[in-house]
Amino acid sequence: MDAVPHVVARFEDDLSHLKERLLAMGGEAEEQVRSAVRALSARDLSLAERVLAGDEPINRLHVEIDQRCFALLSRHQADATAVRVIVSGLKINSDLERIGDFAINIAEATFRYLQHPPVKPLIDIPRMADLAQGMLRDALNAYVRPDTGLAQRVLDRDDRLDGLKDQVFRELLSYMMQNPATVEPALDLVLISRHLERVGDHATNIAEDVIFMVSGRDVRHHRQEGGAPGD
């Protein structure tokens, strides 16, 4: 008679560990992004190099978390809600691994950019980084709690990130048109802004998975809960 409560307790414990590991991976990914942008702002080549060499912890966690999710699915006869939690964990794991990849891409572009004189003072790219990192933190917190309201607020910030990316492009385009010598480094800044926008996209994916996990509703093509389809 005690077997069922024991199994339930074990399952809840396994889910708790899964969430802890996802938070750890999210922390690693966020720190990689933060360090890559700090290397750009501080013109710190050695920090950019450390980011380029520092993706192994994320890769290890990616494999570990996938294994945890598959073990949970095979070990327990989970109900529909628990299955959504596990499947969401798999998807979030993939999003976090991609964010780690974008941090590497930012560091690579930073390394190239630092071979040139600065094109301009950096204003909007650090703002993009702060916004994207905040979206990632809130998306992960929404998963752990779980909190669809917090997840929705992540979705609501995506347009701000897109707007900053477009602003960066327009400003850098004017620099490139005025001075051809700025074309190569300016293009690296454009790439960095696009990578940061993609970090935000993956944070948005996580927030959408949270809403699906909690409610069973697929909001991947809706920017507002219950709203009309969007881009």
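Placed above this text is the structure.
Residues numbered from 1 in each chain as written. Predicted model: local features only at pLDDT ≥ 70, side-chain atom pairs only at ≥ 80, totals over all residues. Heavy atoms only, no water.

Asker: Can you lay out the overall build of the protein chain for me, pointing to particular residues and giving the numbers?
Answerer: Scanning the protein chain for helices and strands turns up seven helices and zero strands. When the elements of the protein chain are put in sequence order from the N terminus, they spell out α-α-α-α-α-α-α. When burial is assessed residue by residue, the protein chain has 45% of its 231 residues classed as buried. Taking contacts inside the protein chain between residues at least 6 apart in sequence as the whole, the part at least 24 apart equals 81%. Total accessible area on the protein chain stands at roughly 11300 Å², and carbon and sulfur atoms take up 53% of it. When the 28 basic and 38 acidic side-chain charges of the protein chain are each reduced to a single mean position, those positions are 2 Å apart. (Helix = DSSP H or I, 4+ residues; strand = E, 2+ residues; numbered from the N terminus. Buried < 20%, exposed > 50% of the residue type's maximum accessible area, 1.4 Å probe, protein only. Contact = heavy atoms within 4.5 Å. Areas by Shrake-Rupley, 256 points an atom, 1.4 Å probe, with all protein chains shown as cover. Lys, Arg positive; Asp, Glu negative; His and termini not counted. Charge placed at Lys NZ, Arg CZ, Asp CG, Glu CD.)

Asker: Run through the side chain of Asn-93, naming residues and quoting values.
Answerer: One can find Asn-93 in helix α4 (residues 80–113). Non-local contacts of Asn-93, meaning those with residues more than four positions away in its chain, are made with Leu-22, Met-25, Leu-61, His-62, Ile-65 and Asp-66.

Asker: Pulling in residues and values, what's your account of the environment of Val-190?
Answerer: In this structure, Val-190 sits in helix α7 (residues 183–215). By relative accessible area, Val-190 is classed as buried at 4%. Along the primary structure Val-190 and Asp-166 are separated by 24 residues, whereas in three dimensions their C-alpha atoms are 9.4 Å apart. Not counting the four nearest positions on each side in its chain, Val-190 is found in contact with Phe-169 and Leu-172.

Asker: Could you give me a rundown of a nonpolar patch on the surface, with the residues and numbers involved?
Answerer: A cluster of nonpolar side chains, namely Phe-169, Leu-173 and Met-177, defines an oily patch on the protein surface of about 300 Å² accessible area. Of note, Leu-173 is situated in helix α6 (residues 148–178). (Patch = residues over 30% accessible without salt bridge, like charges linked within 9 Å, V, L, I, M, F, W, Y side chains within 5 Å. Salt bridge = Lys/Arg side-chain N within 4 Å of Asp/Glu carboxyl O.)

Asker: Quick one: what's the story with empty space enclosed by the protein, residue by residue and with numbers?
Answerer: Here the structure, examined in full by the defined rule, presents one cavity of 30 Å³ or more. For the largest cavity, the calculated volume is near 90 Å³. Contributing to the lining of the largest cavity are Lys-120, Pro-121, Leu-122, Ile-123, Asp-124, Ile-125, Val-168, Glu-171, Leu-172 and Leu-189. Taken together, the elements giving at least two residues each to the lining of the largest cavity come down to α5 (124–144) and α6. A per-element tally of the lining of the largest cavity places α6 first, with three residues. (1 Å grid on protein atoms, 1.4 Å probe; cavity = no way out; pocket = protein on both sides within 12 Å on 5 of 7 lines; lining within 4 Å. Points joined across faces, edges and corners; volume = space filled by probe spheres on them.)

Asker: Just give me the short version of α7, but keep the residues and values in it.
Answerer: Its 33 residues give α7 an end-to-end C-alpha distance of 48 Å, which sits within 8% of 48 Å, the value for a rise of 1.5 Å per residue. Where α7 ends, the next residue or the one after it, Gly-216, has phi of about 80 degrees, a positive value. (Expected span 1.5 Å × (residues − 1).)

Asker: So, unusual backbone geometry: which residues are in play, and what are the values?
Answerer: Between Arg-145 and the following residue, Pro-146, the backbone shows a cis peptide bond with an omega angle of -15 degrees. Tracing the backbone shows Pro-146 in the loop between α5 and α6. A positive phi is found at Arg-43, a non-glycine position, where the angle reads about 50 degrees. Mapped onto the fold, Arg-43 is located in the loop between α1 (3–42) and α2 (45–52).

Asker: Give a detailed account of the pattern of salt bridges, specifying residues and quantitative values.
Answerer: Counted under the stated rule, the structure contains 14 salt bridges. One salt bridge in this structure joins Asp-188 and Arg-112, with 2.8 Å as the shortest N-O distance. Taken together, the residues Asp-188 in helix α7 and Arg-112 in helix α4 connect sequence positions 76 residues apart. Looking at Asp-188, the relative accessible area reads 5%, which means it is buried. One salt bridge in this structure joins Lys-120 and Glu-171, with 3.6 Å as the shortest N-O distance. Of this pair, Lys-120 sits in the loop between α4 and α5 while Glu-171 sits in helix α6, and the two are 51 residues apart along the sequence.

Asker: So what's going on with the environment of Phe-11? Residues and values would help.
Answerer: Among the structural elements, Phe-11 can be located in helix α1. Sequence separation between Phe-11 and Ala-82 is 71 residues; the distance between their C-alpha atoms is 9.4 Å.

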